[in-house]
Amino acid sequence: DVNINQQFIDFHQLTDSVNRHPTVLGNKISYDSVASFYNYPVGLTLPYRLNHLTFFFSALDWAAPHKIKYQYKIDGLDQQWSEPQAEPFADYRNIPPGEHILRIRAMSSTQKWGAPVEYRFRVRPPWWETTAAYLFYGLSAIGLIWLGINWRLRYMRLSYEKDTAETKARLAAEANEAKSNFLSTISHELRTPLTSIIGFAKINKKNLKEKVLPNIPDDHKKMKRSAQRNFSNLDIMIQEGQRLADLINELLDLSKIESGKVVWKMESVQPNDLIQHAINATSSLFTQKTEVELKTEIPSPLPSVSADQNRILQVLINLISNAVKFTESGQILIGVEDTKAQTEERVTFFVQDSGMGIPKNYLDQVFEKFKQVEDHQSGKPKGTGLGLPICKEILEAHRGEIWVESEEGKGSTFFFTLPTIEKEVI
Ligand code: ADP
(Lines give C-alpha, C1' and ligand atoms only; values in the text may rest on other atoms or scores of the structure.)
Protein backbone atom coordinates (compact mmCIF):
# COMPACT_ATOMS: atom_id res chain seq x y z
CA ASP A 1 0.00 0.00 0.00
CA VAL A 2 1.14 3.59 -0.60
CA ASN A 3 -0.06 6.51 1.50
CA ILE A 4 0.40 9.93 0.00
CA ASN A 5 1.06 12.84 2.39
CA GLN A 6 -0.12 10.59 5.23
CA GLN A 7 -3.49 9.93 3.54
CA PHE A 8 -4.82 6.52 2.74
CA ILE A 9 -5.91 6.40 -0.89
CA ASP A 10 -8.07 3.70 -2.31
CA PHE A 11 -6.49 3.53 -5.75
CA HIS A 12 -9.06 1.11 -7.09
CA GLN A 13 -11.81 3.61 -6.31
CA LEU A 14 -10.18 6.67 -7.82
CA THR A 15 -12.68 8.07 -10.27
CA ASP A 16 -10.71 9.11 -13.34
CA SER A 17 -9.39 5.65 -13.95
CA VAL A 18 -9.86 5.84 -17.73
CA ASN A 19 -7.24 8.52 -18.18
CA ARG A 20 -5.42 7.60 -15.01
CA HIS A 21 -5.00 11.23 -14.13
CA PRO A 22 -7.09 11.54 -10.98
CA THR A 23 -6.90 14.34 -8.48
CA VAL A 24 -5.50 13.49 -5.08
CA LEU A 25 -5.42 16.06 -2.27
CA GLY A 26 -6.11 18.76 -4.83
CA ASN A 27 -3.20 17.75 -7.11
CA LYS A 28 -3.05 15.73 -10.27
CA ILE A 29 -1.28 12.36 -10.06
CA SER A 30 -0.99 9.75 -12.77
CA TYR A 31 -0.30 6.02 -13.02
CA ASP A 32 -0.48 3.22 -15.58
CA SER A 33 -2.58 0.70 -13.63
CA VAL A 34 -3.38 -0.51 -10.15
CA ALA A 35 -1.91 -3.83 -9.04
CA SER A 36 -4.61 -6.41 -8.62
CA PHE A 37 -5.10 -7.73 -5.05
CA TYR A 38 -2.91 -4.87 -3.76
CA ASN A 39 -3.57 -1.22 -3.23
CA TYR A 40 -0.67 0.39 -5.06
CA PRO A 41 -0.46 2.05 -8.45
CA VAL A 42 2.00 0.92 -11.06
CA GLY A 43 4.04 3.65 -12.79
CA LEU A 44 3.02 6.27 -10.24
CA THR A 45 3.93 9.89 -11.04
CA LEU A 46 3.41 12.50 -8.34
CA PRO A 47 3.54 16.26 -8.38
CA TYR A 48 6.23 17.97 -6.33
CA ARG A 49 3.74 18.89 -3.56
CA LEU A 50 2.86 15.25 -2.88
CA ASN A 51 6.34 14.09 -1.95
CA HIS A 52 5.70 12.49 1.41
CA LEU A 53 5.14 8.75 0.83
CA THR A 54 4.56 5.94 3.27
CA PHE A 55 4.95 2.40 1.92
CA PHE A 56 3.31 -0.58 3.66
CA PHE A 57 4.41 -4.14 2.96
CA SER A 58 4.31 -7.60 4.49
CA ALA A 59 6.10 -10.91 4.07
CA LEU A 60 4.75 -14.34 4.89
CA ASP A 61 6.23 -16.87 7.24
CA TRP A 62 3.63 -19.20 8.54
CA ALA A 63 5.96 -20.75 11.07
CA ALA A 64 7.19 -17.64 12.89
CA PRO A 65 5.51 -14.51 11.65
CA HIS A 66 6.83 -12.55 14.65
CA LYS A 67 10.41 -13.16 13.53
CA ILE A 68 10.05 -11.40 10.21
CA LYS A 69 12.39 -8.42 9.71
CA TYR A 70 12.36 -5.89 6.91
CA GLN A 71 14.95 -3.64 5.26
CA TYR A 72 14.46 -1.05 2.58
CA LYS A 73 16.21 1.69 0.68
CA ILE A 74 15.59 4.09 -2.17
CA ASP A 75 18.38 4.07 -4.72
CA GLY A 76 20.23 7.34 -4.78
CA LEU A 77 18.61 8.62 -1.58
CA ASP A 78 19.93 6.00 0.83
CA GLN A 79 23.54 4.86 0.92
CA GLN A 80 22.67 1.48 2.36
CA TRP A 81 19.80 -0.68 3.56
CA SER A 82 17.87 0.57 6.55
CA GLU A 83 18.34 -1.05 9.92
CA PRO A 84 16.41 -4.39 10.03
CA GLN A 85 12.99 -3.67 11.58
CA ALA A 86 9.85 -5.57 12.49
CA GLU A 87 7.46 -2.71 11.49
CA PRO A 88 6.10 -3.35 8.00
CA PHE A 89 6.31 0.20 6.66
CA ALA A 90 8.78 2.82 5.39
CA ASP A 91 8.18 6.55 5.63
CA TYR A 92 9.87 9.04 3.27
CA ARG A 93 9.38 12.82 3.49
CA ASN A 94 10.52 15.45 1.02
CA ILE A 95 11.39 13.02 -1.71
CA PRO A 96 13.28 15.04 -4.32
CA PRO A 97 12.05 15.21 -7.94
CA GLY A 98 13.18 12.38 -10.18
CA GLU A 99 12.76 8.67 -10.98
CA HIS A 100 13.04 6.52 -7.87
CA ILE A 101 13.24 2.83 -7.08
CA LEU A 102 12.27 1.63 -3.61
CA ARG A 103 13.70 -1.74 -2.73
CA ILE A 104 12.31 -3.85 0.12
CA ARG A 105 13.51 -7.19 1.39
CA ALA A 106 12.49 -9.45 4.23
CA MET A 107 14.10 -12.08 6.40
CA SER A 108 12.30 -14.90 8.21
CA SER A 109 13.40 -17.25 10.94
CA THR A 110 15.89 -18.82 8.52
CA GLN A 111 18.01 -15.63 8.97
CA LYS A 112 18.38 -15.19 5.25
CA TRP A 113 17.31 -12.11 3.31
CA GLY A 114 14.91 -12.90 0.56
CA ALA A 115 15.14 -11.41 -2.96
CA PRO A 116 14.18 -7.73 -2.80
CA VAL A 117 11.04 -6.45 -4.47
CA GLU A 118 11.20 -3.10 -6.19
CA TYR A 119 8.68 -0.36 -6.60
CA ARG A 120 9.23 2.39 -9.19
CA PHE A 121 7.71 5.83 -8.98
CA ARG A 122 8.46 9.34 -10.10
CA VAL A 123 8.19 12.77 -8.50
CA ARG A 124 7.72 15.61 -11.01
CA PRO A 125 9.89 18.67 -10.55
CA PRO A 126 8.17 21.90 -9.36
CA TRP A 127 7.33 24.36 -12.13
CA TRP A 128 10.41 26.42 -11.34
CA GLU A 129 12.63 23.44 -12.01
CA THR A 130 11.08 22.29 -15.28
CA THR A 131 12.90 22.43 -18.62
CA ALA A 132 10.65 25.29 -19.69
CA ALA A 133 11.61 27.18 -16.52
CA TYR A 134 15.34 26.59 -17.15
CA LEU A 135 14.86 27.71 -20.73
CA PHE A 136 13.14 30.82 -19.43
CA TYR A 137 15.99 31.46 -16.93
CA GLY A 138 18.51 31.04 -19.70
CA LEU A 139 16.68 33.37 -22.01
CA SER A 140 16.15 35.90 -19.21
CA ALA A 141 19.84 35.78 -18.34
CA ILE A 142 20.78 36.30 -21.98
CA GLY A 143 18.19 39.10 -22.17
CA LEU A 144 19.57 40.73 -19.04
CA ILE A 145 23.13 40.51 -20.31
CA TRP A 146 22.00 41.93 -23.62
CA LEU A 147 20.16 44.75 -21.84
CA GLY A 148 23.18 45.42 -19.68
CA ILE A 149 25.52 45.59 -22.66
CA ASN A 150 23.04 47.73 -24.53
CA TRP A 151 22.60 50.06 -21.60
CA ARG A 152 26.32 50.34 -21.15
CA LEU A 153 26.86 51.03 -24.85
CA ARG A 154 24.08 53.61 -24.82
CA TYR A 155 25.55 55.23 -21.75
CA MET A 156 28.99 55.32 -23.37
CA ARG A 157 27.55 56.75 -26.58
CA LEU A 158 25.53 59.38 -24.70
CA SER A 159 28.46 60.44 -22.57
CA TYR A 160 30.64 60.54 -25.69
CA GLU A 161 28.03 62.69 -27.43
CA LYS A 162 27.71 64.87 -24.36
CA ASP A 163 31.48 65.28 -24.17
CA THR A 164 31.65 66.11 -27.86
CA ALA A 165 28.76 68.55 -27.57
CA GLU A 166 30.38 70.18 -24.55
CA THR A 167 33.72 70.39 -26.32
CA LYS A 168 32.02 71.83 -29.38
CA ALA A 169 30.11 74.35 -27.29
CA ARG A 170 33.29 75.32 -25.44
CA LEU A 171 35.23 75.69 -28.68
CA ALA A 172 32.37 77.70 -30.18
CA ALA A 173 32.25 79.94 -27.12
CA GLU A 174 36.02 80.40 -27.28
CA ALA A 175 35.87 81.13 -31.00
CA ASN A 176 33.07 83.58 -30.40
CA GLU A 177 35.00 85.28 -27.66
CA ALA A 178 38.08 85.44 -29.89
CA LYS A 179 35.97 86.82 -32.73
CA SER A 180 34.45 89.51 -30.48
CA ASN A 181 37.87 90.49 -29.15
CA PHE A 182 39.31 90.58 -32.64
CA LEU A 183 36.39 92.62 -33.94
CA SER A 184 36.51 95.17 -31.17
CA THR A 185 40.28 95.56 -31.38
CA ILE A 186 40.26 95.88 -35.17
CA SER A 187 37.25 98.19 -35.11
CA HIS A 188 38.87 100.52 -32.62
CA GLU A 189 42.05 100.53 -34.65
CA LEU A 190 40.11 101.32 -37.81
CA ARG A 191 37.86 103.91 -36.27
CA THR A 192 40.61 106.33 -35.22
CA PRO A 193 42.30 106.77 -38.62
CA LEU A 194 38.91 106.71 -40.34
CA THR A 195 37.65 109.58 -38.16
CA SER A 196 40.66 111.68 -39.10
CA ILE A 197 40.30 110.80 -42.81
CA ILE A 198 36.65 111.90 -42.74
CA GLY A 199 37.57 114.97 -40.69
CA PHE A 200 40.32 116.07 -43.08
CA ALA A 201 38.12 115.36 -46.11
CA LYS A 202 35.47 117.61 -44.58
CA ILE A 203 38.01 120.38 -43.92
CA ASN A 204 39.31 120.09 -47.49
CA LYS A 205 35.79 120.23 -48.85
CA LYS A 206 35.02 123.29 -46.78
CA ASN A 207 38.29 124.99 -47.88
CA LEU A 208 37.63 124.15 -51.48
CA LYS A 209 34.12 125.51 -51.27
CA GLU A 210 34.88 128.67 -49.31
CA LYS A 211 38.42 129.62 -50.26
CA VAL A 212 39.51 127.95 -53.48
CA LEU A 213 36.46 127.77 -55.77
CA PRO A 214 35.34 131.41 -55.33
CA ASN A 215 38.88 132.65 -56.03
CA ILE A 216 39.44 130.89 -59.35
CA PRO A 217 39.03 133.46 -62.08
CA ASP A 218 36.27 132.68 -64.55
CA ASP A 219 38.65 132.45 -67.49
CA HIS A 220 40.57 129.57 -65.84
CA LYS A 221 37.93 127.10 -66.94
CA LYS A 222 40.15 124.04 -66.81
CA MET A 223 41.27 124.80 -63.27
CA LYS A 224 37.69 125.47 -62.21
CA ARG A 225 36.50 122.17 -63.67
CA SER A 226 39.30 120.30 -61.94
CA ALA A 227 38.53 121.96 -58.60
CA GLN A 228 34.85 121.11 -58.96
CA ARG A 229 35.71 117.48 -59.72
CA ASN A 230 37.88 117.42 -56.59
CA PHE A 231 34.96 118.85 -54.65
CA SER A 232 32.56 116.09 -55.73
CA ASN A 233 35.26 113.43 -55.18
CA LEU A 234 35.67 114.69 -51.64
CA ASP A 235 31.91 114.40 -51.22
CA ILE A 236 32.05 110.74 -52.23
CA MET A 237 35.02 110.17 -49.91
CA ILE A 238 33.08 111.64 -47.00
CA GLN A 239 29.94 109.63 -47.81
CA GLU A 240 31.78 106.35 -48.23
CA GLY A 241 33.92 107.06 -45.18
CA GLN A 242 30.77 107.68 -43.19
CA ARG A 243 29.29 104.41 -44.44
CA LEU A 244 32.43 102.56 -43.40
CA ALA A 245 32.27 104.22 -39.97
CA ASP A 246 28.61 103.18 -39.65
CA LEU A 247 29.48 99.62 -40.58
CA ILE A 248 32.29 99.49 -38.02
CA ASN A 249 30.03 100.94 -35.34
CA GLU A 250 27.26 98.45 -36.09
CA LEU A 251 29.68 95.51 -36.20
CA LEU A 252 31.06 96.57 -32.84
CA ASP A 253 27.59 96.98 -31.44
CA LEU A 254 26.42 93.58 -32.70
CA SER A 255 29.46 91.72 -31.43
CA LYS A 256 29.08 93.45 -28.07
CA ILE A 257 25.45 92.31 -27.79
CA GLU A 258 26.18 88.82 -29.07
CA SER A 259 28.99 88.29 -26.59
CA GLY A 260 26.70 89.33 -23.74
CA LYS A 261 28.84 92.32 -22.80
CA VAL A 262 26.01 94.82 -22.99
CA VAL A 263 24.56 95.92 -19.68
CA TRP A 264 20.82 96.42 -20.20
CA LYS A 265 19.30 99.29 -18.29
CA MET A 266 15.76 97.98 -17.94
CA GLU A 267 13.18 100.44 -16.71
CA SER A 268 9.48 101.09 -16.92
CA VAL A 269 8.79 103.04 -20.11
CA GLN A 270 5.60 104.39 -21.68
CA PRO A 271 5.20 103.23 -25.29
CA ASN A 272 4.04 106.68 -26.51
CA ASP A 273 7.14 108.35 -25.03
CA LEU A 274 9.28 105.92 -26.99
CA ILE A 275 7.42 106.64 -30.21
CA GLN A 276 7.56 110.41 -29.68
CA HIS A 277 11.33 110.27 -29.10
CA ALA A 278 11.81 108.18 -32.25
CA ILE A 279 9.73 110.61 -34.33
CA ASN A 280 11.76 113.58 -33.09
CA ALA A 281 15.03 111.79 -33.82
CA THR A 282 14.04 110.92 -37.38
CA SER A 283 12.27 114.17 -38.36
CA SER A 284 15.19 115.30 -40.54
CA LEU A 285 14.68 112.24 -42.78
CA PHE A 286 11.21 113.44 -43.71
CA THR A 287 12.35 116.92 -44.69
CA GLN A 288 14.30 115.26 -47.52
CA LYS A 289 11.29 113.17 -48.59
CA THR A 290 8.39 115.53 -48.93
CA GLU A 291 6.22 112.94 -50.69
CA VAL A 292 6.20 110.75 -47.60
CA GLU A 293 3.81 111.54 -44.80
CA LEU A 294 4.32 110.42 -41.22
CA LYS A 295 1.38 109.31 -39.06
CA THR A 296 0.99 107.75 -35.64
CA GLU A 297 -1.63 105.47 -34.17
CA ILE A 298 -1.40 105.09 -30.41
CA PRO A 299 -4.40 103.78 -28.47
CA SER A 300 -4.86 104.59 -24.81
CA PRO A 301 -4.66 103.49 -22.09
CA LEU A 302 -1.41 101.62 -22.61
CA PRO A 303 0.54 99.58 -20.08
CA SER A 304 4.16 100.49 -19.46
CA VAL A 305 6.77 98.22 -20.90
CA SER A 306 10.00 96.96 -19.45
CA ALA A 307 12.75 98.23 -21.71
CA ASP A 308 16.20 99.74 -22.11
CA GLN A 309 14.91 103.03 -23.50
CA ASN A 310 17.93 103.92 -25.66
CA ARG A 311 18.11 100.44 -27.17
CA ILE A 312 14.40 100.36 -28.09
CA LEU A 313 14.79 103.85 -29.56
CA GLN A 314 17.62 102.42 -31.65
CA VAL A 315 15.20 99.74 -32.93
CA LEU A 316 12.46 102.26 -33.73
CA ILE A 317 14.87 104.67 -35.44
CA ASN A 318 16.28 101.84 -37.52
CA LEU A 319 12.82 100.67 -38.60
CA ILE A 320 11.70 104.24 -39.41
CA SER A 321 14.91 104.94 -41.35
CA ASN A 322 14.40 101.75 -43.39
CA ALA A 323 10.75 102.68 -44.01
CA VAL A 324 11.79 106.14 -45.26
CA LYS A 325 14.64 104.68 -47.30
CA PHE A 326 12.44 102.19 -49.14
CA THR A 327 9.35 104.40 -49.64
CA GLU A 328 9.18 106.95 -52.45
CA SER A 329 5.75 108.34 -51.72
CA GLY A 330 2.79 107.59 -49.48
CA GLN A 331 2.74 107.26 -45.74
CA ILE A 332 4.59 105.77 -42.85
CA LEU A 333 2.47 104.79 -39.88
CA ILE A 334 4.08 104.27 -36.49
CA GLY A 335 2.06 102.94 -33.61
CA VAL A 336 1.04 100.36 -31.10
CA GLU A 337 -1.61 97.69 -31.60
CA ASP A 338 -4.69 98.03 -29.47
CA THR A 339 -4.03 96.11 -26.23
CA LYS A 340 -7.65 94.95 -25.99
CA ALA A 341 -7.02 92.79 -29.01
CA GLN A 342 -4.02 91.00 -27.49
CA THR A 343 -2.80 89.43 -24.28
CA GLU A 344 -1.90 91.89 -21.58
CA GLU A 345 1.57 90.49 -21.15
CA ARG A 346 3.03 92.26 -24.14
CA VAL A 347 2.67 95.38 -26.23
CA THR A 348 3.05 95.16 -30.00
CA PHE A 349 4.67 98.11 -31.80
CA PHE A 350 4.60 98.49 -35.55
CA VAL A 351 6.20 100.58 -38.29
CA GLN A 352 4.23 100.40 -41.51
CA ASP A 353 5.20 101.87 -44.87
CA SER A 354 3.66 102.03 -48.31
CA GLY A 355 6.99 101.47 -50.02
CA MET A 356 8.42 98.86 -52.33
CA GLY A 357 7.83 95.89 -50.02
CA ILE A 358 9.99 92.81 -49.59
CA PRO A 359 9.81 89.79 -51.92
CA LYS A 360 8.47 86.66 -50.17
CA ASN A 361 11.73 84.72 -50.46
CA TYR A 362 13.59 87.47 -48.61
CA LEU A 363 11.13 87.84 -45.73
CA ASP A 364 12.93 85.41 -43.42
CA GLN A 365 16.36 86.55 -44.46
CA VAL A 366 16.20 90.27 -43.72
CA PHE A 367 16.97 89.58 -40.04
CA GLU A 368 20.18 87.75 -40.99
CA LYS A 369 23.51 89.52 -41.00
CA PHE A 370 24.51 91.30 -44.23
CA LYS A 371 21.30 90.26 -46.02
CA GLN A 372 19.93 92.92 -48.29
CA VAL A 373 17.24 92.58 -50.93
CA GLU A 374 19.15 92.92 -54.20
CA ASP A 375 16.49 94.97 -56.08
CA HIS A 376 16.48 97.53 -53.28
CA GLN A 377 20.09 98.53 -53.64
CA SER A 378 20.05 100.41 -56.94
CA GLY A 379 19.91 104.15 -56.41
CA LYS A 380 19.32 103.81 -52.63
CA PRO A 381 21.65 105.17 -49.98
CA LYS A 382 23.53 101.99 -49.22
CA GLY A 383 23.08 100.39 -45.82
CA THR A 384 25.12 97.84 -43.96
CA GLY A 385 22.70 94.91 -43.72
CA LEU A 386 23.28 94.85 -39.97
CA GLY A 387 20.43 97.10 -38.78
CA LEU A 388 17.73 94.42 -38.55
CA PRO A 389 20.02 91.74 -37.02
CA ILE A 390 20.88 94.27 -34.30
CA CYS A 391 17.15 94.98 -33.75
CA LYS A 392 16.54 91.25 -33.41
CA GLU A 393 19.33 90.84 -30.83
CA ILE A 394 18.05 93.81 -28.84
CA LEU A 395 14.51 92.41 -28.78
CA GLU A 396 15.65 88.93 -27.81
CA ALA A 397 17.45 90.48 -24.86
CA HIS A 398 14.10 92.06 -23.92
CA ARG A 399 12.26 88.72 -24.21
CA GLY A 400 10.43 90.23 -27.16
CA GLU A 401 10.02 89.26 -30.79
CA ILE A 402 10.36 90.97 -34.15
CA TRP A 403 8.81 89.97 -37.47
CA VAL A 404 7.75 91.45 -40.77
CA GLU A 405 4.71 91.22 -43.01
CA SER A 406 5.07 92.56 -46.49
CA GLU A 407 3.65 92.56 -50.00
CA GLU A 408 5.92 93.46 -52.84
CA GLY A 409 4.98 96.81 -54.37
CA LYS A 410 2.50 97.62 -51.60
CA GLY A 411 4.62 98.07 -48.51
CA SER A 412 5.94 96.42 -45.37
CA THR A 413 4.99 96.35 -41.72
CA PHE A 414 7.60 95.53 -39.10
CA PHE A 415 6.18 94.42 -35.74
CA PHE A 416 7.94 93.96 -32.45
CA THR A 417 6.75 93.09 -28.96
CA LEU A 418 7.90 94.10 -25.51
CA PRO A 419 6.81 92.61 -22.18
CA THR A 420 4.55 94.83 -20.12
CA ILE A 421 5.02 95.81 -16.52
CA GLU A 422 1.93 94.56 -14.71
CA LYS A 423 -0.51 96.94 -13.03
CA GLU A 424 1.03 100.05 -14.54
CA VAL A 425 -1.81 100.91 -16.88
CA ILE A 426 -2.24 104.65 -17.48
P1 ADP B 1 20.30 98.02 -44.25
O2 ADP B 1 19.01 98.78 -44.25
O3 ADP B 1 21.40 98.75 -43.58
O4 ADP B 1 20.68 97.46 -45.58
P5 ADP B 1 18.86 96.25 -42.54
O6 ADP B 1 19.30 95.06 -41.78
O7 ADP B 1 18.23 97.35 -41.76
O8 ADP B 1 20.14 96.74 -43.34
O9 ADP B 1 17.87 95.77 -43.66
C10 ADP B 1 18.18 94.68 -44.46
C11 ADP B 1 17.47 94.71 -45.78
O12 ADP B 1 16.05 94.48 -45.57
C13 ADP B 1 17.53 96.01 -46.46
O14 ADP B 1 18.73 96.14 -47.21
C15 ADP B 1 16.32 95.94 -47.39
O16 ADP B 1 16.63 95.19 -48.52
C17 ADP B 1 15.30 95.17 -46.55
N18 ADP B 1 14.35 96.10 -45.83
C19 ADP B 1 14.44 96.51 -44.57
N20 ADP B 1 13.40 97.33 -44.27
C21 ADP B 1 12.65 97.45 -45.37
C22 ADP B 1 11.43 98.17 -45.72
N23 ADP B 1 10.80 98.92 -44.80
N24 ADP B 1 10.95 98.03 -46.96
C25 ADP B 1 11.59 97.27 -47.86
N26 ADP B 1 12.72 96.57 -47.61
C27 ADP B 1 13.26 96.65 -46.39
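So, here's what we can say about the structure. (Residues numbered from 1 in each chain as written. Predicted model: local features only at pLDDT ≥ 70, side-chain atom pairs only at ≥ 80, totals over all residues. Heavy atoms only, no water.)

This brings us to the side chain of Asp253. Along the chain, Asp253 turns up in helix α2 (residues 221–258). Dropping the residues within four chain positions of it, Asp253 is found in contact with Arg311, Gln314 and Ile390. (Helix = DSSP H or I, 4+ residues; strand = E, 2+ residues; numbered from the N terminus. Contact = heavy atoms within 4.5 Å.)

This next bit is on the site of the ligand. With respect to spatial proximity, 22 residues lie near the ligand, and among them Asn322, Asp353, Gln372, Thr384 and Leu388 are the closest. A distance of 2.8 Å is found between a nitrogen atom of the ligand and a side-chain nitrogen or oxygen belonging to Asp353. Look at the ligand: alone it shows 530 Å² of surface, and the protein chains cover 97% of it. A molecule is said to occupy a pocket when more than half its atoms come within 2 Å of that pocket's grid points, and by this definition the ligand occupies the largest pocket. Those elements that provide at least two residues to the shell around the ligand are α4 (309–325), α5 (387–397) and β18 (411–425). (Near = heavy atom within 4 Å. Polar contact = N/O pair within 3.5 Å; in protein donor to acceptor, adjacent residues only side chain to side chain. Areas by Shrake-Rupley, 256 points an atom, 1.4 Å probe, with all protein chains shown as cover. 1 Å grid on protein atoms, 1.4 Å probe; cavity = no way out; pocket = protein on both sides within 12 Å on 5 of 7 lines; lining within 4 Å. Sits in = over half its atoms within 2 Å of the grid points.)

With that settled, the discussion passes to the packing of aromatic side chains. Two descriptors summarise a pair of aromatic rings, namely the distance from one centre to the other and the angle between the planes of the rings. In total, this model carries 20 aromatic pairs according to the counting rule given. Here Tyr72 and Tyr92 contribute two aromatic rings whose centre-to-centre distance is 6.0 Å and whose plane-to-plane angle is 75°, an arrangement assigned as edge-to-face. Of the two residues, Tyr72 sits in strand β8 (residues 69–74) while Tyr92 sits in strand β9 (residues 89–92), which places them 20 residues apart along the sequence. There is no split in this pair, since Tyr72 and Tyr92 are both buried. Linked through ring pairs, Tyr38, Tyr40, Phe55, Phe57, Tyr70, Tyr72, Tyr92, Tyr119 and Phe121 together constitute an aromatic cluster. Stacked on the ring of Trp81, the Lys or Arg Arg105 has its end atom at 4.3 Å from the ring centre. (Phe/Tyr/Trp six-rings, centres within 6.5 Å; stacked < 30°, edge-to-face > 60°. Buried < 20%, exposed > 50% of the residue type's maximum accessible area, 1.4 Å probe, protein only. Lys NZ or Arg CZ within 6 Å of the ring centre and 35° of its normal.)

This brings us to a positive patch on the surface. Judged by side-chain charge, Lys221, Lys222, Arg225 and Arg229 come together as a positively charged surface patch. Looking at the element boundaries, Lys221 is found in helix α2. According to the relative accessible area criterion, Lys221 is exposed, its value standing at 59%. (Patch = residues over 30% accessible without salt bridge, like charges linked within 9 Å, V, L, I, M, F, W, Y side chains within 5 Å. Salt bridge = Lys/Arg side-chain N within 4 Å of Asp/Glu carboxyl O. Lys, Arg positive; Asp, Glu negative; His and termini not counted. Charge placed at Lys NZ, Arg CZ, Asp CG, Glu CD.)

The next thing to look at is the sheet that holds strand β11 (residues 117–123). Hydrogen bonding along the main chain pairs the strands of a sheet, whether they run parallel or antiparallel. In space, the four strands of this open sheet follow the order β6-β11-β10-β8, with mixed pairing throughout. Edge positions in the sheet fall to β6 (44–46) and β8, since each has one partner strand and no second. Neighbouring strand axes in the sheet, compared pairwise and without regard to direction, differ in orientation by 25° on average. Sheet analysis places β8 next to strand β10 (residues 98–107), joined by six bridges and oriented antiparallel. Looking at β10, one finds that Gln71 is bridged to Arg105. (Pairing = 2+ DSSP bridges. Axes fitted to C-alpha atoms, helices over the stretch in contact; angles between N-to-C directions.)

Moving on, we get to the environment of Lys261. Along the chain, Lys261 falls in the loop between α2 and β12 (267–269). Taking the C-alpha atoms as reference, Lys261 lies 9.9 Å from Ser180; in sequence the two are 81 residues apart. Ignoring sequence-local partners within four residues, the contact set of Lys261 consists of Glu177, Ser180, Asn181 and Lys256. One polar contact links Lys261 to Asn181, side chain to side chain, over a distance of 3.5 Å.

On to unusual backbone geometry, then. The omega torsion of the bond from Ser300 to Pro301 falls at 5°, within 30 degrees of zero and hence cis. Turning to its location among the elements, Pro301 is positioned in the loop between β13 (292–297) and β14 (303–307). Even without being a glycine, Leu25 presents a positive backbone phi close to 50°. Its place among the elements puts Leu25 in the loop between β2 (23–24) and β3 (27–28). A residue is classified by how much of its surface remains accessible, and Leu25, at 42% relative accessible area, is partly exposed. Phi angles above zero are rare outside glycine, and Gln111 is one such case at about 65°. Looking at where Gln111 falls in the secondary structure, it is placed in the loop between β10 and β11. Look at Gln111 and you get exposed, because its relative accessible area is 57%.

Let us look at the sheet that holds β9. Ordered by their spatial adjacency, three strands build an open sheet running β1-β7-β9, and the pairing between neighbours is antiparallel. Two strands close off the open sheet at either side, each with one partner strand: β1 (2–4) and β9. Taking each pair of neighbouring strands and ignoring which way they run, the sheet shows an average axis angle of 15°. In the sheet, β1 pairs with strand β7 (residues 53–56) via three bridges, with the strands oriented antiparallel. Bridging from a neighbouring strand, Asn3 pairs with Thr54 of β7.

What follows concerns the environment of Arg105. Mapped onto the elements of the fold, Arg105 is located in strand β10. Sequence spacing of Arg105 and Ala35 is 70 residues, and the spatial spacing of their C-alpha atoms is 19 Å. Residues within four places of Arg105 in sequence aside, it is in contact with Lys69, Tyr70, Gln71, Trp81, Trp113, Gly114 and Pro116.

Distances and angles like these do not, on their own, reveal function.
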